[in-house]
Amino acid sequence: METVVKNFSKPDNYVDLEKISIDFCKLCSCGISRMIVKPGWRWSTCMKPIVKTDWCLATHIGVLTQGQLHVVMKDGTEYDIKEGECYEIQPGHDGWTIGDQEAIGFEFKQD
């Protein structure tokens, strides 16, 4: 297996949606995304109309490097993710930014 080095200034893929942008870098065995989530972003208002599901059905594994996010699970469980914290969010959730600062995080997806 070869060594792969990439930079988010030249991502393999880029998505720019309402109040969120995501850069994707594909490595040999996994993908890494950098998300920049603006204040006022909420999954149920910004993403639900696009994906057409009642809850986010993705699993998220990552680390938040700036800002804060609030997550509500389908069963009613709620928690905050703060700068410097690692997380694994299971499918069946809503989430939104807290406060006036952008939330910046990096997420990992195994192939």
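Residues numbered from 1 in each chain as written. Predicted model: local features only at pLDDT ≥ 70, side-chain atom pairs only at ≥ 80, totals over all residues. Heavy atoms only, no water.

A short note on the sheet that holds strand S8 (residues 93-97)
What counts, and what does not: When DSSP finds two or more bridges between two strands, those strands count as paired. Working definition: helices are DSSP H or I runs of at least four residues, strands are E runs of at least two. Numbering for both runs from the N terminus. Angles here are taken between N-to-C directions and fall from 0 to 180 degrees, while the axes themselves are lines fitted to C-alpha atoms, restricted in helices to the stretch in contact.
Sheet architecture is open: 3 strands sit in the order S6-S5-S8, paired in antiparallel fashion. The outermost strands of the open sheet, each flanked by one partner alone, are strand S6 (78-82) and S8. Going from strand to strand, the sheet's axes swing by 20° on average, the running direction of each strand aside. When strand S5 (residues 68-73) meets S8, the two strands line up antiparallel, connected through 5 bridges. Counted as the bridge partner of Val71 is Gly95 from S8.

Focus: the layout of surface pockets
Short version of the rule: Grid points spaced at 1 Å over the protein atoms alone were grouped into cavities, where a 1.4 Å probe fits but cannot get out, and pockets, open sets with protein on both sides within 12 Å along at least five of seven lines, with lining residues defined by an atom within 4 Å of a point. Grid points are joined across faces, edges and corners, and a volume is the space filled by probe spheres set on the points. Ten residues, namely Ala, Val, Leu, Ile, Met, Phe, Trp, Tyr, Cys and Pro, are considered nonpolar, four, namely Asp, Glu, Lys and Arg, are considered charged, and the remaining ones, Gly among them, are considered polar.
Size it by volume and the largest pocket reaches roughly 710 Å³. Of all the elements in the fold, those that place two or more residues in the lining of the largest pocket are strand S1 (13-17), strand S2 (20-26), strand S3 (30-37), strand S4 (60-66), S5, strand S7 (86-89), S8 and strand S9 (103-110). Its residues placed into classes, the lining of the largest pocket shows 25 nonpolar, 8 polar and 3 charged.

Looking at the pairing of S2
Put simply, the rule is: The rule is simple: take the accessible area with a 1.4 Å probe, protein chains only, and divide by the maximum for that residue type; under 20% is buried, over 50% is exposed, in between is partly exposed.
Here S2 lies mainly inside the structure; 5 of its 7 residues are buried. Following S1, the chain reverses through 2 residues before pairing antiparallel with S2; Lys19 in that reversal takes a positive phi of roughly 65°. Bridge analysis of S2 against S3 gives 7 bridges, and the strand direction is antiparallel. Its bridge partner lying in S3, Cys25 is registered against Ile32. In this antiparallel pair of consecutive strands, S2 and S3, the connection spans 3 residues.

Section: the nonpolar core
Going by this rule: Put simply, buried Ala, Val, Leu, Ile, Met, Phe, Trp, Tyr and Cys residues joined by side-chain atoms within 4.5 Å make one nonpolar core. Note on definitions: a residue-residue contact is assigned when non-hydrogen atoms from the two residues lie within 4.5 Å.
By size, the foremost hydrophobic cluster in this structure holds 17 residues, and its most contacted members are Met35, Trp41, Leu64 and Ile81. Elements with a contribution of two residues or more to this core: S2, S3, helix H1 (43-46), S5 and S7. Here this core takes 3 residues from S5, the largest share from any one element. For Trp41, the contacting residues outside a window of four places in its chain are Glu18, Lys19, Ile20, Cys46, Met47, Gly95, Trp96 and Thr97.

Some details on the side chain of Thr97
The criterion, for reference: Side-chain atoms alone can form a polar contact between residues adjacent in sequence; in general such a contact is a pair of N or O atoms within 3.5 Å, and within protein one must be able to donate a hydrogen while the other accepts it.
If you trace the backbone, Thr97 turns up in strand S8. Classification of Thr97 by relative accessible area gives buried; the value is 9%. At 3.3 Å, the side chain of Thr97 forms a polar contact with the backbone oxygen of Lys38. Ignoring anything within four residues of it in the chain, the contact list for Thr97 reads Val37, Lys38, Pro39, Gly40, Trp41, Gln68, Leu69 and Ala103.

Considerations on the packing of aromatic side chains
Heads up, the rule is: In this scheme Phe, Tyr and Trp rings, the latter by its six-membered ring, pair at centre separations within 6.5 Å, and the angle between planes marks the pair as stacked below 30 degrees, edge-to-face above 60, and tilted otherwise. As a reminder, the over-ring test applies to NZ of lysine and CZ of arginine, requiring each to be within 6 Å of the ring centre and within 35 degrees of the ring normal.
By the definition in use, this model includes 1 aromatic pair. Note on Phe8 and Phe106: the rings are 5.5 Å apart at their centroids and 55° apart in plane angle, and the pair reads as tilted. Taken as a pair, Phe8 in the segment before S1 and Phe106 in strand S9 lie far apart in primary sequence, 98 residues in all. Just above the ring of Trp96 sits the side chain of Arg42; from NZ or CZ to the centre is 3.8 Å.

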